[in-house]
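Chain by chain, the residues run as shown.
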Amino acid sequence: MTEIIRLKGVSRSYGQPPTNALSEVDLMVEAGEFVAIVGPSGSGKSTMLNLLGTVDRPSAGTATIDGAAVNGLSDSMLSALRAYRIGFVFQQFHLSEGITATENVADGLLYTGVPRAERQRRAHAALKRVGLEHRLGHKPHQLSGGERQRVAIARAVAGNPPLLLADEPTGNLDSVSGATIIELLHELNRQGTTVLVITHDTELASQLPRQITLRDGRIVADSGRVSS
Amino acid sequence: MTPAIERTTEQRAPHGKSRMRPGDVVRVGTTGLRSRPTRAILSALGIAIGISAMIAVVGISSSSQAKLNNDLQSLGTNMLTAQAGKDIFGKPTTLPANTVAQIQRINGVESASSTAALANHHIYRNSLIAPGQTGGLSVQVADLNLLNVVSGKIRTGTWLNRATAEYPAVVLGADTADRLGIHTPGSSVRIGNQNFTVVGILDPVPLAPDLNTAALIGSEIAARLFGFDGNPVRIYERSSDESVETVRPLIAPTANPQAPRDVEVSRPSDALAAKYAADQAFTGLLLGLGSIALLVGGIGVANTMVISVLERRREIGLRRALGATRGHIRSQFLVEALLLSAMGGVVGAALGTGVTAIIATANGWPVAVPWPVLGAGVLATLAIGAIAGLYPAIRAARTPPTTALSG
């Protein structure tokens, strides 16, 4: 198995004087893993996800995502990494109101230069993958919370990225919808996608193969790699 | 960043670059306009008003110029007038009685005619009007060929002829008829102590505006009733177009060889053109006001865009997470600003053209829309949109994707 994430002595500090949101974190995740990152508010989960998603750079240490050293990449190369290799799922879904589920999902491929018709076709396929083939033309406000999150997941995986990052994906959902989302992430993981889920729901985390616990910007527990 | 890292990454990267198709750049540029149409329309309106004001100002002015050119074309620019001026003591002078005949002998002159104002006689509606109330109207003795030389037209009735010139018959200028309240021939008016019958009313004469406030009578009746001595005061002369400039310096010495400096020679078409030039100065002023409106419209667009960038931090963050580069975000907001002002520009151009057409038609002018100005106006709005959108677009591109996504 190849490694998809490697953090080596990674710190991220903000402000003046600097306060560390993340301190000297070492982490290695292999392709195909399903990892939960847990911890209370302010423990550095979101900072970690930003670094893993290459929307932020470490203040110190090296982050290597999908083989690319984040520190040394230009904005356009980082953007390309996000466009092709990383999918994001957010707690608030971040769907565009006023456009259909298909168009929302197709926008996931907007920055890869794929022609519009092809984007639509792949969006249909992705929506089918998350079980929403009957909701192609619906707009976000016509969908339930769980359905909206599934549209967001379809958008994240429309380009078949090897890495999927989910920030509290069930945080705004009831437990039944939340369970279907987790099951969907399991299914995507079985199909080969590396999935990282940030959550403060320890019960949810305990269902996942690997749990990493953050506190005050440091990893305090790691259930370890489940080698396959 | 070390070169080694760069190299390994480039070798490795199996995927393509972050890129957008041109059609998508435009489509994404419209998202802000589609999601907030009212705001888009209102801020485009500022631009539209500015550009329509400018185009209307230029359009109206060029329509009136087209009208003037048409007028000059039909009236001719080959008429000169000579007027007896004042002598060195300030006394009004007259020209010798044979002036018209002399002028006609100048090489190039095609026709000539004369009028003479009767300074001590005035026209009144009837005998009950106080003598002081002359209404600014003059009584003038006219040659029978006057109407042809000045390109005048009879609105109603007839012009003077050999017969009516011997009788108390009068032809009224357009303003004279209005001020006396006379609109039909056959009416009776009072000149001096005599009743005169109105035989005709003139249309306004653009090349000889003093005829508009005149009452014209024949020289025979003027001599008989008012002691007119046959000395003309003003000469109207036509020559061929080419010889106008050679004829001009000869007129004063020919008209009054004894005192050529007492004769004022002028070219009425020049006066019309000068009046137009004065209008042009006013047009320049209005154009300045229009460009200020356009500037304010541009600031409105910039303002809208700045607010839009602040409100859409989340959308920016999402797009960055989906793989948009800073350049993509920048171009999205720049395109949005461009579309916003182009929308205003096109609507404004249409509006300005419409206003020009309405005003020109209402004044009876030919509609002359200056197409280069129209094109320049739309281009100007694009330039304004680019300038107005630049700062917000750069700001949007600098929004860190993390702050845009949190919350």
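Worth saying up front: this structure is predicted, and the values here are computed from it rather than measured.

What to know about the sheet that holds strand S2 (residues 19-30) of chain A
Residues and elements named next belong to chain A.
And step 1. Taking strand neighbours across the sheet as the criterion, the four strands line up as S2-S1-S4-S5 in an open arrangement whose pairing is antiparallel. At either margin of the open sheet sits one strand with a lone partner, and together these are S2 and strand S5 (68-69).
And step 2. In this structure, strand S4 (residues 60-65) lies alongside S5, joined through two bridges in antiparallel fashion. By the bridge assignment for S5, Ile65 is matched with Ala68.

Focus on the domain arrangement of chain B
How large an interface is tends to be reported as the accessible area lost when its parts come together.
And step 1. Here the domain parsing of chain B yields domain 1 (3-71 + 274-406) and domain 2 (78-267).
And step 2. Taking only C-alpha atoms, the centre of domain 1 of chain B and the centre of domain 2 of chain B are 59 Å apart.

Some words on the layout of surface pockets
And step 1. Quantified by volume, the largest pocket comes out at close to 760 Å³.
And step 2. Lining the largest pocket are 29 residues, with Leu95, Ser96 and Glu97 of chain A together with Ser35 and Glu315 of chain B positioned closest to its centre.
And step 3. For the lining of the largest pocket, the secondary structure elements donating two or more residues are helix H3 (101-106) and helix H4 (116-129) of chain A together with helix H2 (22-29), helix H3 (31-35) and helix H11 (313-321) of chain B.
And step 4. A class-by-class count of the residues in the lining of the largest pocket yields seven nonpolar, eight polar and 14 charged.

A short note on the pattern of salt bridges
Residues and elements named next belong to chain B.
And step 1. Tallied over the entire structure, the rule returns 22 salt bridges over all chains.
And step 2. Glu311 is the salt-bridge partner of Arg39, the closest N and O atoms lying 3.2 Å from each other. Of this pair, Arg39 sits in helix H4 (residues 37-75) while Glu311 sits in helix H10 (residues 268-311), and the two are 272 residues apart along the sequence.
And step 3. The partly exposed category is assigned to Arg39, whose relative accessible area is 27%.
And step 4. Residues participating in the shared-partner salt-bridge network are Arg312, Glu315, Arg319 and Glu336.

Observations regarding the confidence of the model for chain A
And step 1. Per-residue pLDDT for chain A averages 91, and the proportion of residues at 70 or more is 98%.
And step 2. The least confident element of chain A, judged by mean pLDDT, is helix H7 (residues 202-206) of chain A at 88; the most confident is H3 of chain A at 95.

Brief notes about a positive patch on the surface
And step 1. Positive charge collects at one region of the surface, where Arg57 of chain A together with Arg326, Arg330 and Arg398 of chain B lie side by side.
And step 2. Of note, Arg398 of chain B is situated in helix H13 (residues 371-398).
And step 3. Judged by its relative accessible area of 65%, Arg398 of chain B falls in the exposed class.

Points about the environment of Glu97 of chain A
All names here are of chain A.
And step 1. Along the chain, Glu97 turns up in the loop between strand S6 (86-89) and H3.
And step 2. Once the C-alpha coordinates of Glu97 and Lys139 are considered, the two residues, 42 residues apart in sequence, prove to be 6.8 Å apart.
And step 3. Not counting the four nearest positions on each side in its chain, Glu97 is found in contact with Pro140 and His141.

Digging into the sheet that holds strand S9 (residues 210-215) of chain A
Residues and elements named next belong to chain A.
And step 1. If you trace the six strands from one edge of the open sheet to the other, you get S6-S7-S8-S3-S9-S10, paired in mixed fashion. Each edge of the sheet is formed by a strand with only one pairing partner; in this case those strands are S6 and strand S10 (218-222). Sheet twist, expressed as the mean angle between neighbouring strand axes with direction ignored, is 20°.
And step 2. In this fold helix H1 (residues 45-52) packs onto strand S3 (34-38), S6, strand S7 (163-167), strand S8 (194-199) and S9, with an angle of close to 155° to the strand it touches most, S7.

So, how was this worked out
- Positions within a chain are numbered from 1, following the residues in the order the chain's sequence is written.
- Whichever chain is written first is A, and whichever ligand is written first is 1; the rest continue in order.
- This being a predicted model, a pLDDT of at least 70 is required before a residue's local features are given, and a value of 80 or more before pairs of side-chain atoms are given or counted; all residues contribute to the totals for chains, interfaces and linings.
- Side-chain metrics rest on all non-hydrogen atoms present in the structure, leaving aside hydrogens and water.
- Strand pairing requires that DSSP identify at least two bridges connecting the strands.
- Only DSSP runs of H or I covering at least 4 residues are called helices, and only runs of E covering at least 2 are called strands; the numbering of each starts at the N terminus.
- Note that the domain bounds were set by an automatic or database domain assignment.
- Cavities and pockets are found on a 1 Å grid laid over the protein atoms alone: a cavity is a set of points where a 1.4 Å probe fits but cannot escape, a pocket is an open set with protein on both sides within 12 Å along at least five of seven lines, and a lining residue has an atom within 4 Å of such a point.
- Grid points are joined across faces, edges and corners, and a volume is the space filled by probe spheres set on the points.
- Classification used: nonpolar for Ala, Val, Leu, Ile, Met, Phe, Trp, Tyr, Cys and Pro, charged for Asp, Glu, Lys and Arg, polar for all others including Gly.
- Salt bridges are defined as contacts in which a side-chain nitrogen from Lys or Arg sits within 4 Å of a carboxyl oxygen from Asp or Glu.
- Exposure classes here rest on a 1.4 Å probe applied to the protein chains alone. A residue is buried below 20% of its type maximum, exposed above 50%, and partly exposed in between.
- In predicted models, pLDDT denotes the confidence assigned by the predictor to each residue on a 0 to 100 scale.
- Any residue with relative accessible area above 30% and no salt bridge may belong to a patch, with like charges joined within 9 Å and the nonpolar Val, Leu, Ile, Met, Phe, Trp and Tyr side chains within 5 Å.
- Surface accessibility in these figures is a Shrake-Rupley result with a 1.4 Å probe; residues are shielded only by whichever protein chains are displayed.
- Just so you know, the count uses Lys and Arg for positive and Asp and Glu for negative, and it drops His and the chain ends.
- Note that the charge is assigned to NZ on lysines, CZ on arginines, CG on aspartates and CD on glutamates.
- Throughout, a contact is declared for two residues whenever any of their heavy atoms are within 4.5 Å.
- Fitted lines through C-alpha atoms give the axes, limited to the stretch in contact for helices. The angle between two N-to-C directions lies from 0 to 180 degrees.

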